[in-house]
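Chain residues, written in single-letter form:
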Amino acid sequence: MEVIEEALEYVWILEEDNKNEIDEFLKNFDKKLLNDLIKNEYIVVKDNKLELTEKGREIAKNIVRRHRLAEFLLYNVFEIEEESYEEFACKFEHIVDEEITDKICTFLGHPLYCPHGRKIPRGKCCIEKKKEIESIIKPLIELKPGEKAEIVYFVTESKRLTDSLISHGLSPKKKIILKQIYPTVIIQIDESIISFDREIAKRIYVKELD
Amino acid sequence: MHHEHHKCIIETGKINIVLVGNPNVGKSAIFNQVSVKKATVSNYPGTTVEIFSSRIKTFENSVIIDTPGVYNLFKVGSEDEKVTREFLLKYDVDRIVLVIDSKNLERGIYLLLQLLELEVPIVVSLNMFDEASRRGIDIDEKKLEEIFGIKFIKTIATEGYGLKSLIDTIMKIKDTSKRFMIKYPEEFETKIKEVEELLVGFKHRRFLAICCLLDFENIKNILEEKLDSNKIKKIEELSKGKDYDIIVYNTLRKNVNRILKQVVKKRKIEHKSLSEKIDSYLLHPVYIIPTIFLTLLFLYYFVGVFGAGILVDFLEEDIFGEKINPYVTELFKKYIGNNIITDLFVGEYGIITFALTYAFSIILPVVTTFFIAFSILEDSGYLPRLVSYLHILFKKIGLSGKAIIPTALGFGCVTMATITTRTLSTKKERKILTFLLALTIPCSAQQAVILALIIGLGFKVLVGWMLTIILVYSFFGYVLSKLIRTEERSYFIYDLPPLRLPLISNVLLKTYLRLKWYITEVVPLYILASIILVLFDKVGVLNVLYEILSPIVVGWLNLPKEAALAFILGFLRRDYGAAGFFALNEKGLLTEEQLIVSVVTITLFVPCIANFLMIIKERGKLFGIVAFLSIITIAFIIGGIVNLILKVI
């Protein structure tokens, strides 16, 4: 089973990169496995390209999701360097069940991207935005004025925004006090007071401090 | 554009000292204290848009240069940063003084680690250390000196504390060899070396190489000056591939944190300071509202009642009306006789009796009181709080809260305001605001005349006039924000400087500088207008012009044909145009409706010549001409619409 999961995860990534040709797949797995996957209706072949079936997609999605959540947890919360967390994430994806995955996802504030910038597939919990367990990492906008927090990461597609946040002194690990959230967000960071768009505050994820 | 400007600043054979630092750390204050000529000091980020230079009082052989505030020099995010970086790279800078706000040592060190890559001796001014200490932050400058191998001097620029020692230190240092150099991870260092080897003929090769790797697009123009396209291609190739930002940021951050741990001690401060208490009101979304009304009330009484009322009455009637003008007229009649020269100086449109009387008795008091009020608001840190508060409104019309400061300044002088549109973050915003300023904002001179014109018509008309301005401003802002396409996204991140009690000396100094600027812009134009008017009057061109413009003026706007003269004057300055209407009104040629139509049209009418030239300088010829033509059209269209509305009512 583990091999099948690995193979489906690989097809998922190939699809993301638009490289889902058979040859590409065969660079890492053998022909026999490919035939097995087709026989068991995990994938189909169209125009020399591999496509996940609904059944295959479901498995691949879960495995990718677990893998990337694990990466996120290890990198952003435990601050483990890339070389060591990759190995762990690979084991992790096969042993954790859906319930625990959703709990971890909620705990992390339903993150959108893994440390490499790839999309983390959404789970049930993300759609329902579950809150029973308090997320420890959440967007800055969800704090109340007066609360203190530590910046954990930014979710931005724009390098310019990241650059400009960093040059204003906002970077991961920095402690901030939220002063105001409306009409613009105002925070204190060290001795500076900085004001920015609410949009930006949705992209800054923080860990609440007491 | 900046090129020629800088060339004359740097003087070979002298010691050229450049002040560099984050926005709002007191660079300009230091500059003003130590130099012979004074420059504008300001309390909000981004004022130092022009580069100021002067000579240090105590050193004959020196040039001191103030640069726009920067956060990051490896990768520039604003025009200011680009200007400062280019300045440091292109010109023979002999010394750098890095000015750091001691409260924000971290940002300062971040910048220092970048500046140390330049081959220039550096001294650091730990400015505002008193404020830091009041907030419980103690900095060990001896330890800093030990770590960096350069001098750190504690200063309080506004009080002059430590500046002598700062200047003496700058003059003494020459060496750059013993100072701290940051080491980046091996793979990045290798890249730097590879790029450095291609940068033949450049100074500051290591610094430049880092900029190439992080910010190729913005540094290309510097490379093009000395390198052939082949080498530039190679550098571009090297800069691609991996994302080095993260490596550089992480290395810088690790170093900054390591250093801060060694040099900063924090004491616990129990009580909140008064300014923090006031600030909690100003940052509150509801409590700030009364302060806005108080501010408007202050402006109304100080500028409107005191400046435009009491002072104008006194100067216009008592001084010019009763003393100067009758006396001068008498003199001319007696010694020169009744001829064109007498008319030119003391006639109906005379240089003395019209232009100068007008400039000094009506404009001067209003402009002076406005600039005093503006400087107080600016220096206290109140305006930046409004910027943050009103940002969402401005966002709806394609601008950001940052547009408030140029807009407010526009009520003093639109030309000056056009320069400060540089503080906006995107080209699109700068275009929109430049246009809106030229179209809608009446400068204080114009307000003075317009207020005098409509004050008799009652409160309703005054409010209607102001609403029209706001409406046109918002409407065209919205239209332009849809019309101008851009890939650049604007992100609003804005530093709020601490609240401070404005220093009277600073306020007066800034008012003086702005007034001087204003008078030199305005008075020559007034005199020119006087001459043109007298000539037109004598030669009889006026009647011809009346005929030509009659379809618009009489047909569409429903004004008397003489009003064409006011519009012609309006081409020189809008307030002069307004004065033309003022004269018509005095003669009883305008009905109430016509007066309203004239006031609205002339408010929106073309920007004055000085502003037009500034628009061309800042935004380019094409933009200037298109803006000019559209503004005339819009002014007449809206004037006509107001006319139609008034007819219906």
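These numbers were taken from a predicted model, which means no experiment stands behind them.

Peer 1: I'm lost on the overall build of chain B in this one. Help?
Peer 2: The number of helices and strands found in chain B is 28 helices and nine strands. The C-alpha radius of gyration computed for chain B amounts to 28 Å, which stays within 12% of the reference 26 Å derived for 649 residues, consistent with globular compactness. The buried share among the 649 residues of chain B stands at 47%. Sequence-distant contacts, at least 24 apart, represent 72% of the contacts inside chain B between residues at least 6 apart.

Peer 1: Where do I start with the confidence of the model for chain A in this structure?
Peer 2: Low pLDDT means the predicted atomic positions in that stretch should not be read closely. With 93% of its residues at a pLDDT of 70 or more, chain A has an overall mean of 85. No element of chain A has a lower mean pLDDT than helix H5 (residues 82-95) of chain A, at 78, and none a higher one than strand E6 (residues 185-189) of chain A, at 94.

Peer 1: How should I be thinking about the domain arrangement of chain B in this particular structure?
Peer 2: Often, the extent of an interface is quoted as the loss of accessible area on bringing the components together. Domain annotation for chain B reports domain 1 (2-172), domain 2 (186-266) and domain 3 (289-648). Computed over C-alpha atoms, the centres of domain 2 of chain B and domain 3 of chain B are 48 Å apart.

Peer 1: So what exactly am I meant to see when it comes to the packing of helix H19 (residues 427-440) of chain B against helix H21 (residues 459-483) of chain B here?
Peer 2: Between two packed helices, what matters for the description is the angle formed by their axes and the separation of those axes. All names here are of chain B. Contact geometry of H19 with H21 gives a least axis separation of 10 Å together with a crossing angle of 150°. In this view, H19 runs roughly antiparallel relative to H21, as classed from their interaxial angle. Regarding H19 and H21, the two cross each other, and that crossing is right-handed. In contact with Ile432, Phe435, Leu436, Leu439 and Thr440 of H19, H21 contributes Ile469, Val472, Tyr473, Phe476, Gly477, Leu480 and Ser481. Residue composition of the contact of H19 with H21, grouped by class: nine nonpolar, three polar and no charged.

Peer 1: So what exactly am I meant to see when it comes to the sheet that holds strand E3 (residues 137-139) of chain A here?
Peer 2: Strand order across the open sheet formed by seven strands is E3(A)-E8(A)-E4(A)-E5(A)-E6(A)-E7(A)-E9(B), with antiparallel pairing between neighbours. With one partner strand each, in any of the chains shown, E3 of chain A together with strand E9 (493-496) of chain B form the two edges of the open sheet. Ignoring which end each strand starts from, the neighbouring axes of this sheet average 40° apart. Judged from the five bridges that link them, E6(A) and strand E7 (residues 192-196) of chain A form a sheet pairing that is antiparallel. Bridging across to E7(A), A:Gln188 finds its partner in A:Ile193. Packed onto the sheet, helix H16 (residues 382-395) of chain B meets E6 and E7 of chain A together with E9 of chain B and runs at close to 150° relative to E9(B).

Peer 1: Would you take a moment to explain the interface of chain B and chain A for this structure?
Peer 2: Taken together, the contacts link 25 residues of chain B with 26 residues of chain A. Those elements that place two or more of their residues in the side of chain B that touches chain A are helix H4 (105-115), helix H11 (245-263), H16 and E9 of chain B. For the side of chain B that touches chain A, a count of residues per class yields eleven nonpolar, six polar and eight charged.

Peer 1: Explain the sheet that holds strand E7 (residues 151-154) of chain B to me, please; I cannot follow it from the model alone.
Peer 2: Pairing between sheet strands relies on hydrogen bonds along the backbone, with the strands arranged either parallel or antiparallel. Residues and elements named next belong to chain B. With mixed pairing, six strands are arranged side by side in an open sheet as E2-E3-E1-E4-E5-E7. Looking at strand neighbours, the two that pair on one side only are strand E2 (52-54) and E7, the edges of this open sheet. Strand-to-strand twist of the sheet, defined as the mean angle between neighbouring strand axes without regard to direction, takes the value 20°. On top of the sheet, H4 reaches strand E1 (15-21), strand E4 (95-101) and strand E5 (122-127); it is set at about 160° to E4, its chief contact.

Peer 1: I tried to follow unusual backbone geometry on my own but got confused; where do I start?
Peer 2: Note: most residues except glycine have negative phi, and most peptide bonds are trans. Following A:Tyr182, the chain continues into A:Pro183 via a peptide bond in cis, with omega recorded as -5°. Relative to the helices and strands, A:Pro183 resides in the loop between strand E5 (175-180) and E6. Positive phi, close to 60°, is recorded for A:Asn18, a residue that is not glycine. With respect to the helices and strands, the residue A:Asn18 is situated in the loop between helix H1 (2-16) and helix H2 (22-26). Residue classification places A:Asn18 among the exposed positions, given that 8 C-beta atoms sit within 10 Å. The phi dihedral of B:His204 falls on the positive side, at around 50°, and the residue is not glycine. Relative to the helices and strands, B:His204 resides in the loop between helix H8 (186-198) and helix H9 (205-226).

Conventions adopted
Numbers given to residues run from 1 along each chain, matching the order in which its sequence is written. Chain A is the first chain written and ligand 1 is the first ligand written, with later ones labelled in order. Local features in this predicted model are restricted to residues of pLDDT 70 or higher, and side-chain atom pairs are both shown and tallied only at a pLDDT of 80 or more, whereas totals for entire chains, interfaces and linings draw on every residue. Note on conventions: DSSP H or I runs of at least 4 residues are helices, E runs of at least 2 residues are strands, and numbering of each starts at the N terminus. For the radius of gyration, the atoms used are the C-alpha atoms, and the globule rule reads 2.2 Å times the number of residues raised to 0.38. Counts of 20 or more other C-beta atoms within 10 Å of a residue's own C-beta define buried residues, counts of 12 or fewer define exposed ones, and intermediate counts define partly exposed ones; C-beta atoms are placed from the backbone. Throughout, a residue-residue contact means that the two C-beta atoms, derived from backbone geometry, are no farther apart than 7 Å. The predictor attaches a confidence to each residue, called pLDDT, with possible values from 0 through 100. The source of the domain bounds is an automatic or database domain assignment. Axis angles are defined between N-to-C directions and span 0 to 180 degrees, where every axis is a line fitted to C-alpha atoms and, for a helix, only to the segment in contact. We call two directions roughly parallel when the angle between them is under 35 degrees, roughly antiparallel when it is over 145, roughly perpendicular when it lies between 65 and 115, and oblique otherwise. Put simply, a crossing is left-handed when the front helix is turned counterclockwise from the back one by less than a right angle, and right-handed when it is turned clockwise. Residue type decides the class: Asp, Glu, Lys and Arg count as charged, Ala, Val, Leu, Ile, Met, Phe, Trp, Tyr, Cys and Pro as nonpolar, and the leftover types, Gly among them, as polar. Two strands qualify as a pair provided that DSSP identifies no fewer than 2 bridges between them.

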